[in-house]
Each structure stands twice: as C-alpha cells, then as structure tokens.
Amino acid sequence: MKIPYTTEIREDTGLYNAKAGMWLFLASEAMLFGALFSAYVFLRIGAWEGEWPHGLLNVPIGAFNTLVLITSSLTVAMSWTSLKMGDLQRYRRFQFVTLFCAAAFLGIKGWEYFDKFNHYEIWLKEPVSSQEYPQLAGHFADPDQPVASVIGHIEGIGPFQTLASLQEEGESAVELHPDAFHYRLSARQQAELRKAERPSDPAVSHGADAEHASVRIDLSRIARMSAFVPRHGTFFATYFTLTGLHALHVLGGALMFAFILWPGARMWRDDPERYTNSVEVAGLFWHFVDLVWIFLFPVIYLL
Amino acid sequence: MSSHEPGLIRKYIFSTDHKVIGIQYALTSLAFLFIGLMLMLLMRWQLANPGQPVPIVGGALEGLLGEPAGEGKISADLYNSFGAMHGTIMIFLGVVPLVFGAFANYLVPLQVGAADMAFPKLNMLSYFLYLIGGVIMLVSFFVPGGAAQAGWTSYPPLATIIPTDGQTYWLVAMVFLITSSLLGSINIIVTVMQLRVPGLTWMRLPFFVWSEFVTAFLLLLAFPPMEAGAILQLMDRLAGTSFYMPHGLILSGQPATGLSGGGSPLLWQHLFWFLGHPEVYVLILPAMGIVTEVIANNTRKPIWGYRALVGSALAIGFLSMVVWAHHMYVTGMGTGISMFFQTTTTIISIPSVIIMTCLMLSLWGGAIRFTVPMLFAIAFLPMFGIGGLTGLPLAFTMADVALHDSYYIIGHFHYVVAPGTIFAVFAGIYYWFPKVTGRHMNRGLGYLHFWGSLVCMNLIFFPMLFQGLGGMGRRMSDGGYIYSAAHPSNEGVIGSLSDAVVQLNGVIAWSALALAAFQLPFIYNFFYSAFAGRPVENDNPWQATTLEWQTPTPPPHGNFTQEMFVYREPYAYSLHANEPAGRAPESSATAGEFVDFEAQNQPLGAAVTTEMPANQASIL
Amino acid sequence: MMDWLRNLSANMPLAWHFDWLNLPELASRHGEDVDRLLKGVHFAMLLLFLGWIGYLAVALLRFRAKRHPRANPAGVKNIVFVLVIGVVILEEAVTLFGVAIPLWNKNLADYPDETQATVVRVTAQQFTWNARYAGKDGKFGAQNQALISAGNPLGYVPGDQAGKDDVVPPLKDIRVPLEPVDADGDGEQDVDSRGRPRFKPVIIHLTSKDVIHSFKVLPLRICQDAIPGMSIPIHFMPTREGKYVITCAQLCGNGHATMIGWLTVMDNRPQRAADGTIVAPGAFDQWQASYVVGDAPQRSFE
Ligand code: HEA
Ligand code: HEA
Ligand code: CUA
Ligand SMILES: [Cu+2]
C-alpha cells in the first residue's frame, strides 16, 4: 500500500497532503508571531511616560522594502500560474525576480541594522545643559532644560560596547559625534529648531552641521551607554527580535525556492504536477511571510 | 511500498516507517521517564533527610556533578536543578513523547488504515529533533553551575539572573522539543484528515484517534507562544535585553545599571501558561484515549456515549486555550479578569467529568475481563478522579490563596499525571505489546507491577494533599525543616508545620522507593517478553475491533496486506449477544469459534455464534 | 436570585468549626469565608468521590466476566448520565456563582480607607523580608529613583521630613496591632452586619527588589506575589493575637526554603492607671518607637 493524496486532491477536504500540512504550519506560525506582537503591545502599554522612542526607524526605506516583498509575492503567484500552464521558462524567469527581491529585502534590512549599530545613546548621571555643550543644540527642545541622555556616533568602538566593557579596556572618555536631533524631540520641535536662527554659535544654526562638532564625555559621568542594539531598550529589543525572526523566515523561503528551482527541478520531468504543487506550497509560506511584514511595518515603523 | 529491503541502519535508526519511529520514541521516552524517576528518588531522600549525604549513590553523584553534590549531599542548588529537571523531563521528554510521539505514531496510521504517516521523512526529522533536545537537556547537568534551577516554569527574573548556563541549555533544548512536536502534530493531523480509508467516517474513528487529533491541535497552537517566550528569554540571557526585566532591579545588593529595564516578569508567565495549561491536557487526553480503547475491549461492549466523548474532547481542546491565568491568581489580578478565568476553569472541568462518567457507565452491563491492561485502565478512573476533583478548589481564587504553591498542588497534578497518565500508559503498553512484538507480556509480573504501583502511588500522593493543607510549601529544598514547629525559631508560632506534616516526608520517601522497586518487574517483563514472551495465538489476541488488530503481527512495512474498507463504528462488541446463535462470519473467525465482536473492516450482515469461547479462558 | 444564592451559601451547614482539613487555625475575618468555601468544596468532592467509588465497586463485582460472561450492549439509560452530569454542573455552578466569585469580589471590594488602616510597605528580597511603616505622621518618606543604591535599595531621600519618623523594624519581623474599631465613638467595639467584632484592617503594599517572591500567611488565608517593578496592595482584618509564619510561596533561588518570616498580630491597648489615665502606650506603639529610622534613609540589618 502507498500513501494517497500526495498530489491528487481528497474531495472531502479539498486538499492534497502537503497543502494541508502547510496550512497547519502557517496556523502555528500565526500563533508564534501573534504572541510576539502581543508581547510588543504588552511592553509598549507598560512603558514609562516618554520612555518609548519614536522616529528612530527609516520609514521610506521600510516602505520601499514593503514594496519589494509585495512584488516578490506577485512574481511567486505568476511563476506558479506559469507552471500550471506548463511553461517552465516563464516560471524560471519569475522566480529569478522573486529571489532577487528576497536578496534585496535582506540586503536593505542588513543595511538598516548596520546603520543602527554605530549610533550610541549615553545616559548621564547628571543631566547636561546646552550651555555646557553648544554642539548638542539639537538635543534641547528648550535650551534651558537639561537633558538626561545624548545620542550620536562613536567612532571605532563597534556596536556592542557597554560602560563596563569600556572601563575594562581602560578607556577614560568617549568621543561622541552628536546626531542633529535627539529622538525624544517631536518632529515639530525639530522643524522649529531648524528654523530658529542662532547667530550666537554658527555651529548649530543648521542642525546637520552639529554632527561634525564632537563631544568628549568622561566615563565617570556616564550612568549607562548602549548602541542602538537590542539591549538599548525594550523598543529596539522588540524591533530586532521581530524583524530578525522575520528576516530568518524570508531567508528560509528564499532557500526553499532556490532548492525547488535548481536541485529540485528534476521532479518537473518525473512528476510535473507534484513539482507545481511544491511551488504552490512554498508560495503559501512566502505569502504568509509577506503578510507578517505588512503587519510589522506599520506597527513598528509608524506607530 | 519500496520493494527492496533497506539496510539495517536505514531500517532501525534512520527509518521513515512510522512503526519503527514509534518504537524509537517509546524506548527513548521510557528511558527519560526512568531518569525522571531517579531524580525524584534523590529529591525524596533529601526531603526526608535534609542535608544528609545520599546513601550508596552519594559518592557517584559527587563524582558526576562535582561541587553542588559535595560530600554526596544535595545542596539547595542541586535540589532546585533536580526539581526543575524532574518536571521538565517527565513532561516534555517523558510523557508527551510517549503518549504523543510513541502511541500516536505507532497506532494512529494503523487505526485509520493508512500505510504510514502523511509525511514519513518529517516524522523521522521530528524524532531526531526530540532526541537532540533531550540530549541537550541532559548535557546541561554537567555544564558549569549545573542544570536549570528555576523550576520547570522558569519564571524570570530568577531564570534570567540565575548564575548557570543550564538555563540557556534548557531554553535551547525547549526550542528543539517545540519544533519537534510542531512537526509531529502537523503529521498526525494531516494523517487523520487525509489518510482515513474509505468508509472510515469521522464518527467511526476510534476515540483514541480523536484524542490524539485534538492533542495535536493543542500542541500546534499552544506551543508557539511559549516558543516566542523562550526566544525572548534567550535574548534576555544572551543579548542583554530586558523583555522580562522591570525597572529598578537590585541584584545581589547592587542596582542593575547595565540593564535597560522596562520589561515585565508577568509577560513570561502569560506566554508560558498559554502553553502550560493546554500542555496538561496534552498529558491527559491521549491517556483518556488509551483507557477508552482498553475499556471497550475488556468490557466487550460499545463505549457508552461515544459522541459525548468526542464532543467533550473537542470542548476541552477549545476551552484549554482560555484558562491559562488560573496559574496566576496570586499575581494580583483585578476582579474582572479573575472572574473570567475562574469561570472558564470551572467550565472546562465539565467535559472532563463527562468523559469520566461515560467511561464509568461503560462498565455497566459489560463482561469485564480483568486483564493487566484493564486493571490499569480501571485504576485510572478513580485516580484521575482524585486528581481532577482536587483541581476544583484550585479553580476558585478564594480557595487558591490557601493552597497556592503548597504540596496540595503537587498532590493535585501528580494524581492526574502519575496514577493517571502513567497508569494509562502502562495500560497501553500491556495492551498493544502483543501487536508490536508478537508476544504477550507476563501476566503474573503484570499483576505485581499493578498492585505495587497502585498502593505506593496513593501512599505517596495522598499525604501530599494533607501536607499542603497543613502549609507545606513546594520547592522547599529542606523538606520544610525551617518552617517546622520543631525548629527553635518557631516557638509557639501559628502556621508552622506540625510534626505529623513533617514526618510524612519519611512515609512518602519510603513509598517512593517501594514504587521504584515495583517498576523493576515491569522493566524486566518489558525486555524479557519482547524476546522470550509467550507468542500470540493469532493476530488479534484480545479479540478487538479496531483496524490495527486486523493486520499481520507485527504489521509489515506498509501496514496492510489487502485494501481496507470500514463498514461500522469502532466498538462493535456483543452487538448480537441477545440473538440466537448463528454462523460465524467468514472474515474474522473459523466456523464454530466464539466471536462476540465485529471488526471495523468486516462486511455487514454477518451473524455470530455465542458459545463461551475456548480461548477466552487464556485471557481471563 | 443572586441574593438567594449568597444567602444559601452563608447559611450552608458547612461552616463547622472543627477542622477536618488540617488547616492552621484561622486569624483573619475574610478567612472565615475562605474556610467555608474550602470545607464546602471538599465536602462536595468527598460525596462525588464516594458516590463514584461505590458505583465502581458495584459495577466491577456485578459485571466481572466470570459472573456475567455475556455483555449486554444496551448499556445504561441516558437519564442516569443526565442526572450525574446535572448534579455536578449544578454543584459547580452554585459554588462558583453563589460562593466563590461573590466572596472574592467582596473581599477585593472592601479595600479599607488607608487612613483608617495599619499601612505597611513590605519589600521582599533574596531571601528575606523588609518592612517599613509611615510612623506618627502617617506619611512615608519621599523616594527617588536616582538614589537607589545598595544601602538604600528603595531610594528613600535622606533626612526627608516625612521620612524621619518612618519605622523600619528588623528583617523578617513584621507586626500589626489588633485594635478594636469604635468608629461611632460609643465606647463599644463596632460589629459588622453579622455581629462580628470589627478590628482595624491592615494594608500591605508588596514589592520585591530582585526576583518574584510570594507573601503567604496561611493562618490569615492571604497569598500575594511580590513582583519586582510592581507595588501590589493586599488587605485583611486580623481577628486574634498571635505570631504567624510568613511563607515565601514562590521559588526565588537557592535560599527559597530559608525565606521564612513572622507576622505578629499584637495587642495595642495603652496601659492605664487605676483612674484610667494612660501611663504607657500600647505594646505595638512601644515596639514601633524603638525602630524609628531618623535621618538614615534606611536602616540596613544585613
Ligand atoms: C494532566 C494534567 C492536569 C489536569 C488534567 C488538570 C486538571 C485541572 N486542573 Fe490542574 N494542574 C496541573 C495539571 C493538571 N491539571 C499541573 C501540572 C499544575 C501545576 C503547575 C505548576 O505550577 O507547576 C496544575 C495546577 C492547577 C492550578 C493552579 C494552582 C496554583 O498554582 O495555584 C489550577 C487552578 O485552577 C488547576 C485547576 C485544574 C482544574 C480545574 C482541572 C480540571 O480540568 C479537572 C477536571 C476533572 C474533574 C473535575 C474530575 C472529574 C472526574 C469525576 C468527577 C469522576 C470521579 C471518578 C471517580 C471518583 C471514580 N490546576
Ligand atoms: C508527567 C509529569 C510528572 C510525572 C509522571 C511525575 C511523577 C512523579 N513525581 Fe513529579 N513533578 C512534575 C511532573 C511529574 N512528576 C512536575 C511538573 C513537577 C514540578 C516541578 C517544579 O516544581 O518545577 C513535579 C514535582 C514533583 C515533586 C515536588 C518537588 C518540589 O516541589 O520540591 C515531587 C515530590 O515528591 C514529585 C514526585 C513525583 C513522584 C513520586 C512521581 C512518581 O509518580 C514517579 C512515577 C514514575 C514512574 C512510575 C516511571 C515509570 C517508568 C519506568 C519505570 C520506565 C520503564 C523503562 C523502560 C521499560 C525502558 N514530583
Ligand atoms: Cu522568596 Cu521564595
Ligand atoms: Cu492549568
């Protein structure tokens, strides 16, 4: 006896085995990401006043990546229909595009990650004033209001340093190239700052120039420091965990397609129907991964 | 299917045959059960004689585990490891793989008349993922700091700050186990949905298949949230995040300035218990399935209220997703939430009651054969009854405040999992052993095993209820010595543990030892009979109706020699008992032989002779 | 309907006072309800179990194959099943909606007015209990995140006026007074609707420095997790003097088993001379007086 319904459809369920299996798998995936989303909501609701950072993610890039994924979903659908119509070449061409999109998506994501890694936030024991650090003008909504933390690039110490690790390395201070604006400033405040002429010190008349003027901060004054990596705070923790897990899924899907496209292609000759099915099933997974991103993007980038 | 014989390795190790994989699961998980049993013995010794070096094996312990077991004594750290690992191993590496991996793997395809699982390769993969997870779990005993020490529930912040890599191993192992059971459950569900032979409608499925079907859904949908939780806890441990770490922690006297804070310890509890509670029904549903099969066969009559059983199983499946916070009553929840969870928790007990009642009523009017499997199955009823009933007071916040985290809880759930699930598992092993090996297990040893285990289990777990009400807390590495009235600092202190409560630790310890001793005949019986047991007289020694008994013994690769077709409900026993004697049906018996059942694949319209069977004596 | 049920539950003949559940003797007001519920449920469980076990015995004896070789497929009448399930459902419904939920909600609802209660801040840590009282002025000292340090784990502001008279007793030693309530000032101790004498309620604000602990005092029938990052209030009305065990009811590390504490409910009647003038404050007040922190933000006994 052999296992039935590997390719043909069972009428009472209307499915062949692999498809049924994939739907079930997606159900569990939905629970996985659902749980992570709930965790995100749970933590965000519990966050302290003003603790949750805003506007740190690159929305245009994110939006572009969304387009990339949607395109790939389309090409997957096309490639499958091509196979249905028995056109292997057309299927190939579409899948190349899919794989390209996948690569593009991951590349862009990687770049986004990297861009975060060399930003540092430094929380100081005593809040600093704009008088002491004119270069930090972009940090102060109101020049007379000291701020508790400053952000910017730090050259050549890599993303994973902490106060403790620097002290171990015998450093005494860090050289910070402050960002134009602190993320705790609302977009409106930032715009106002840009407008505001401050002839008193030209360095900050345009927020952008401020980056060049660096600030030297003694480790002894630092309460805590972290790059924009997971440990920075619950926001980046959820951001990296969710997008990272999603990226792994994209990678997995791409590998699946690549396998079907090259080593697996033999099956096309022996059992074309089954081959088509395998593309359909992998496609289901791909659409799901796409869907997850369509939830992720607004929730993490926009809200 | 494949005509050529695969080589030995492909046949017995990297096999894709669901029967071989089932046996692999069975042997591995039984081995883990055994380890869990040994850990328990060590714990019980410590509880009865706090701080005393462990006799006999003490030296070996120190040699194996080093400083935590210094002088052969069980340090608090070691005790906590043992507690956490006993729980983890018993549940995730012992019982679940046994009732779901082993029994479902071996029996479901047979009972639905399939040649194999829907995805044989996936099936093999899930076994090896389970094996890897298990090995990682065991290795963690030997890493610096020892195995996980924060209980099987691994509550952060404790689990995160605890200074041992064991916890990290625990998390990684859990991720493997979860993936394994995800694949397994997909396989089972698809097999049941897609591979049922013609004529085998949903309402003709043996209840065992139904129970495993629902179980599979529980694993499929409840495990991922915990996987998410585990991933987050891994991030906390490895990447220094603060998913579960609130603001303002002060660890060992120093403010935790390295952490960002902002997380919530309760988040983990929600993610964990969202699995945790369905998990407990994963432990019990297949057990109920097994017991149902055994009872139907040994009462020689249809199960009472088959549809009610199926409905209840489904109801349990749905409801178990919405009761999880009854493990969190004392975390300080508001009126609304606690009302909700008290209500759902009480409601979910009803389907269990229905199932139990149906099984009990099935006994009425039967011709009960007290075979070894039947004894375990019968014992399951009151034992699960006690376990379940003691769940009821816990369901009410008002009563739970008095019982929470006491030995009453330990008593409650052990009554369900140990003399409950474990007994059902024993019943299943004794019942299907002849089909799997073609040999009977020794009946005398079986009776010894049964009565010994029954008595000891109750001597162990009933006192725990009493201890719990008396205030004995669980997870106390010194058996409550510090809290005992005898302790000098508790002069005239109300609520300190009375001598009676403390001394029960001794009774329990000895009973536990006896319990372990009574497992020896079983282990011997198991291996001896597998090779030298009494060969079965025919393919269907219990005269059962379901499909697995209508194949050669042991079933060949591909399971069935002829095309199967199902004509009737699963438990067609004695249906013609009150008709006059007639011909024996051709298919399942030679003329004249007593037949009081019709196999599911036996064509309709065959009457039955009803003289007292010659060969039934051998079963009685 | 609801009232009728509540009424029924109140007068259920189950509140016997002899203790067949091996619970430690009771010392709080709401505990009476807890005990009634526990006893009621266990009584029902017992009946159910005995019923079932009896049935089981009969069935097994009557229908063993030796005695009853020919099984009868007909089986039991449905009505039996309906009755059994009906009874169980009824029993559970009454207990849940008639007793368990109303009592618990009531218990949460009558959260006492902080000014009329003894207020204690209890902070759990591995593996001990810290208590702090507001002292005479009834105000706790100001706190400040930034000041948190090993010596001052809760960040109390040193020399803060409100904080000066706060009381910080030794570790693991928490005490509350047993003070008769006389709100209407008639010189008689007030009684509640069921004629039970009223005492000054106690509010405990629970939190933890490090991991999750749980503050369980079985004689008072209270149990509440102490969770880091949260401060959770619980309340109870003590009804008798005594020294009671505090159990840590949550695994909190290798010292979990040693994390015992003692909650003492003590008399606080001032000592009066023959003419009734007060010559000395009550025992509880005296005890408090000896542990005023003064300028130190926190007395550390570690
Ligand atoms: C298989 C395992 C299993 C099962 C089936 C159950 C079943 C139930 N459990 Fe249990 N439970 C656990 C395993 C299980 N539990 C575990 C492991 C824990 C502890 C986890 C931890 O903290 O480590 C726990 C803890 C636990 C708690 C948390 C306690 C606390 O930590 O404070 C609660 C609270 O509501 C609860 C309730 C229930 C209820 C209402 C049922 C109901 O479903 C029970 C319904 C069944 C019945 C009502 C019996 C019906 C039978 C009859 C009436 C017939 C009787 C027959 C005869 C007498 C012959 N359980
Ligand atoms: C399925 C789950 C399961 C099972 C079966 C058991 C079985 C047993 N457990 Fe356990 N236990 C837990 C799950 C389980 N336990 C959990 C979750 C906890 C909580 C942990 C925590 O606090 O975090 C716990 C905690 C726990 C404690 C409390 C520790 C503490 O709080 O300090 C105790 C104390 O006595 C205990 C005892 C026992 C005993 C005596 C058995 C006996 O019933 C053992 C019986 C075992 C057998 C009968 C094995 C039979 C199998 C074989 C003999 C193998 C044969 C092999 C071959 C044939 C190859 N268990
Ligand atoms: Cu504190 Cu256990
Ligand atoms: Cu539960």
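What you see is a predicted model; the values in this text were computed from it and never measured. (Residues numbered from 1 in each chain as written. Chains lettered and ligands numbered in written order. Predicted model: local features only at pLDDT ≥ 70, side-chain atom pairs only at ≥ 80, totals over all residues. Heavy atoms only, no water.)

## Re the nonpolar core
Okay, step 1: Membership of the largest hydrophobic core comes to 349 residues, with the highest contact counts inside it found for Phe82 and Phe380 of chain B together with Ile204, Phe215 and Leu263 of chain C.
Okay, step 2: Of all the elements, helix 4 (residues 76–111) of chain B adds the most residues to this core, at 21 residues.
Okay, step 3: Each residue touching Phe215 of chain C, except ones within four places of it in the same chain, is listed here: Val122, Trp129, Ile174, Ile204, Leu206, Ile222, Cys223, Gln224, Ile234, Ile246, Thr247 and Leu263 of chain C.
Okay, step 4: Membership of the second largest hydrophobic core comes to 22 residues, among which are Ile122, Leu124, Val147 and Val150 of chain A. (Core = buried A, V, L, I, M, F, W, Y, C linked by side-chain atoms within 4.5 Å. Buried < 20%, exposed > 50% of the residue type's maximum accessible area, 1.4 Å probe, protein only. Helix = DSSP H or I, 4+ residues; strand = E, 2+ residues; numbered from the N terminus. Contact = heavy atoms within 4.5 Å.)

## Overview of the coordination of the copper ion (ligand 4)
Residue and element names in this part refer to chain B.
Okay, step 1: At 1.9 to 2.1 Å from the copper ion (ligand 4) lie its protein donor atoms, namely His277 (ND1), His326 (NE2) and His327 (NE2).
Okay, step 2: Separating the copper ion (ligand 4) from the iron atom of ligand 1 is a gap of 4.5 Å. Here His277, found in helix 9 (residues 265–299), pairs with His327, found in the loop between helix 10 (306–319) and helix 11 (335–363); they are 50 residues apart in sequence, far enough to count as distant.
Okay, step 3: Taking relative accessible area as the criterion, His327 reaches 25% and is therefore assigned partly exposed. (Donors = N, O, S within 2.8 Å, 3.2 Å for Na, K, Ca; no water.)

## Topic: the coordination of the iron atom of ligand 1
Okay, step 1: Counting protein donors around the iron atom of ligand 1 gives one, His412 of chain B (NE2), at 2.3 Å.
Okay, step 2: Tracing the chain through its elements places His412 of chain B in helix 15 (residues 407–437).

## Looking at unusual backbone geometry
Okay, step 1: Here the amide bond leading from Pro156 of chain B into Pro157 of chain B is cis, since omega sits at -5°, within 30 degrees of zero.
Okay, step 2: Tracing the chain through its elements places Pro157 of chain B in the loop between helix 5 (120–139) and helix 6 (158–161).
Okay, step 3: Cis rather than trans, the peptide bond between Gln126 of chain C and Phe127 of chain C has omega equal to -10°.
Okay, step 4: Looking at the secondary structure, you find Phe127 of chain C in the loop between strand 1 (118–125) and strand 2 (128–133).
Okay, step 5: Located in the positive-phi region is Tyr5 of chain A, a residue other than glycine, with phi close to 60°.
Okay, step 6: Along the chain, the position of Tyr5 of chain A falls in the segment before helix 1 (17–46).

## Looking at the packing of helix 2 (residues 59–84) of chain A against helix 9 (residues 272–302) of chain A
Residue and element names in this part refer to chain A.
Okay, step 1: Direction vectors running N to C along helix 2 and helix 9 enclose 165°, while the axes themselves pass 10 Å from each other. If you check the angle between helix 2 and helix 9, you find them roughly antiparallel. Viewed along their axes, helix 2 and helix 9 form a crossing whose handedness is left-handed. (Axes fitted to C-alpha atoms, helices over the stretch in contact; angles between N-to-C directions. Parallel < 35°, antiparallel > 145°, perpendicular 65-115°, else oblique. Left-handed = near helix turned anticlockwise from the far one by under 90°.)

## Re the site of ligand 1
Okay, step 1: Around ligand 1 sit 33 residues in total, of which Trp152, Tyr281, Asp400, His404 and His412 of chain B are the nearest.
Okay, step 2: Chains contributing residues near ligand 1 are chains B and C.
Okay, step 3: A distance of 3.4 Å separates an oxygen atom of ligand 1 from a polar atom in the backbone of Ala395 of chain B.
Okay, step 4: Between ligand 1 and Arg474 of chain B, the relevant distance is 2.9 Å, taken from an oxygen atom to a side-chain nitrogen or oxygen of the residue.
Okay, step 5: Where the shell around ligand 1 is concerned, the elements lending two or more residues are helix 9, helix 11, helix 12 (372–389), helix 13 (391–395) and helix 15 of chain B together with helix 2 (29–62) of chain C.
Okay, step 6: Looking at side-chain class alone, the shell around ligand 1 contains 21 nonpolar, ten polar and two charged residues. (Near = heavy atom within 4 Å. Polar contact = N/O pair within 3.5 Å; in protein donor to acceptor, adjacent residues only side chain to side chain. Nonpolar A, V, L, I, M, F, W, Y, C, P; charged D, E, K, R; others polar.)

## Quick word on the confidence of the model for chain C
Residues and elements named next belong to chain C.
Okay, step 1: Chain-level pLDDT for chain C is 86 on average; 91% of the residues reach the 70-or-more range.
Okay, step 2: The least confident element of chain C, judged by mean pLDDT, is helix 1 (residues 2–11) at 54; the most confident is strand 5 (residues 213–217) at 96.
Okay, step 3: Segment residues 13–17 is flagged for pLDDT under 50; beyond a separation of four residues in sequence, or across chains, it makes seven contacts in the model.
Okay, step 4: Among the scores for the predicted complex, ipTM is 0.92 and pTM is 0.93. (pLDDT = per-residue confidence, 0-100.)

## Section: a positive patch on the surface
Residue and element names in this part refer to chain C.
Okay, step 1: Among the surface-exposed residues, Arg62, Arg64, Lys66 and Arg67 lie close enough to one another that they form a single positively charged patch.
Okay, step 2: For Arg62, the position within the fold is in helix 2.
Okay, step 3: Classification of Arg62 by relative accessible area gives partly exposed; the value is 39%. (Patch = residues over 30% accessible without salt bridge, like charges linked within 9 Å, V, L, I, M, F, W, Y side chains within 5 Å. Areas by Shrake-Rupley, 256 points an atom, 1.4 Å probe, with all protein chains shown as cover. Salt bridge = Lys/Arg side-chain N within 4 Å of Asp/Glu carboxyl O. Lys, Arg positive; Asp, Glu negative; His and termini not counted. Charge placed at Lys NZ, Arg CZ, Asp CG, Glu CD.)

## Remarks on the interface of chain A and chain B
Okay, step 1: Counting residues at the interface gives 38 residues for chain A and 49 residues for chain B.
Okay, step 2: Across the chain A-chain B interface, the total number found is one salt bridge.
Okay, step 3: Arg196 of chain B is paired through a salt bridge with Asp12 of chain A; the nearest N and O atoms lie 3.7 Å apart.
Okay, step 4: For the interface between chain A and chain B, the tally reads seven residue pairs in polar contact (both at pLDDT 80 or more).
Okay, step 5: At the level of elements, helix 1, strand 5 (222–227) and helix 7 (234–261) of chain A are the ones that each hand at least two residues to the side of chain A that touches chain B.
Okay, step 6: When residues in the side of chain A that touches chain B are grouped by element, the largest group, 15 residues, is from helix 1 of chain A.
Okay, step 7: Of the residues contributing to the side of chain A that touches chain B, the split by class is 23 nonpolar, nine polar and six charged.

## A few points about the interface of chain C and chain B
Okay, step 1: On the chain B side, the residues contacting the 95 residues of chain C number 102 residues.
Okay, step 2: In this structure, the connection of chain C to chain B is made through zero salt bridges.
Okay, step 3: Inspection of the region where chain C meets chain B yields 21 residue pairs in polar contact (both at pLDDT 80 or more).
Okay, step 4: Per element, the largest residue contribution to the side of chain C that touches chain B is 18 residues, and it comes from helix 2 of chain C.

## Considerations on the packing of helix 11 of chain B against helix 12 of chain B
Residues and elements named next belong to chain B.
Okay, step 1: Where helix 11 meets helix 12, the closest approach of the two axes is 11 Å, and the angle between their N-to-C directions is 140°. In terms of orientation, helix 11 lies oblique with respect to helix 12. Regarding helix 11 and helix 12, the two cross each other, and that crossing is left-handed. For the pair helix 11 and helix 12, contact is made by Ser352, Met356, Leu359, Met360 and Leu363 and by Met374, Phe380, Leu381 and Phe384, respectively.
Okay, step 2: When grouped by side-chain class, the residues that make up the contact of helix 11 with helix 12 number eight nonpolar, one polar and no charged.

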